[in-house]
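Structural overview for review
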Amino acid sequence: MLFSIHSQLITELASEDNCVFIGRCADSILQNAGIDRISLFIAAPFQDRVKRKITEQF
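Residues numbered from 1 in each chain as written. Predicted model: local features only at pLDDT ≥ 70, side-chain atom pairs only at ≥ 80, totals over all residues. Heavy atoms only, no water.

1. Regarding helix α2 (residues 26–33)
Turning to α2, its buried residues are A26, I29 and L30. Buried residues of α2, seen end-on, are gathered within an arc of 95 degrees and therefore sit on one face of the element. Positive phi appears at G34, one or two residues downstream of α2, with a value of about 75 degrees. (Buried < 20%, exposed > 50% of the residue type's maximum accessible area, 1.4 Å probe, protein only. Helix = DSSP H or I, 4+ residues; strand = E, 2+ residues; numbered from the N terminus. Arc of directions from axis to C-beta.)

This is the structure:
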């Protein structure tokens, strides 16, 4: 039920104006709704991610 509510909200917002969604399967939801979209996946090299995690302060 929660996914259905999220899907409806994502579709409504994207059809009204430009939006940025992080996660939430928005690319699949918008594709199924026939709404134009740009999908990006951004990642850092593994060594950089490990180094960042080691030096993070809690």
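Next comes the rest of the write-up.
2. Comments concerning the pattern of salt bridges
The final tally for this structure, using the stated rule, is 2 salt bridges. In this structure, the salt-bridge partner of E56 is R52, at a minimum N-O distance of 4.0 Å. Between E56 and K53 there is a salt bridge; the shortest N-O distance is 3.8 Å. Accessibility expressed as a relative area gives 33% for E56, which makes it partly exposed. (Salt bridge = Lys/Arg side-chain N within 4 Å of Asp/Glu carboxyl O.)

3. Focus: unusual backbone geometry
Residues other than glycine seldom take positive phi values, yet R24 does so here, at roughly 65 degrees. Relative to the assigned elements, R24 resides in the loop between α1 (2–16) and α2. The backbone of C25 shows a phi angle near 60 degrees, a positive value even though the residue is not glycine. The topology assignment puts C25 in the loop between α1 and α2. Look at C25 and you get partly exposed, because its relative accessible area is 47%.

4. Details of the layout of surface pockets
In this structure, the largest pocket encloses a volume near 490 Å³. Lining the largest pocket are 19 residues, with C19, V20, F21, L30 and I38 positioned closest to its centre. A per-class count over the lining of the largest pocket returns 11 nonpolar, 3 polar and 5 charged. (1 Å grid on protein atoms, 1.4 Å probe; cavity = no way out; pocket = protein on both sides within 12 Å on 5 of 7 lines; lining within 4 Å. Points joined across faces, edges and corners; volume = space filled by probe spheres on them. Nonpolar A, V, L, I, M, F, W, Y, C, P; charged D, E, K, R; others polar.)

5. With respect to a nonpolar patch on the surface
A contiguous nonpolar surface patch, about 440 Å² in accessible area, is contributed by I38, L40 and I42. Its location among the elements puts I42 in the loop between α2 and α3 (46–55). (Patch = residues over 30% accessible without salt bridge, like charges linked within 9 Å, V, L, I, M, F, W, Y side chains within 5 Å. Areas by Shrake-Rupley, 256 points an atom, 1.4 Å probe, with all protein chains shown as cover.)

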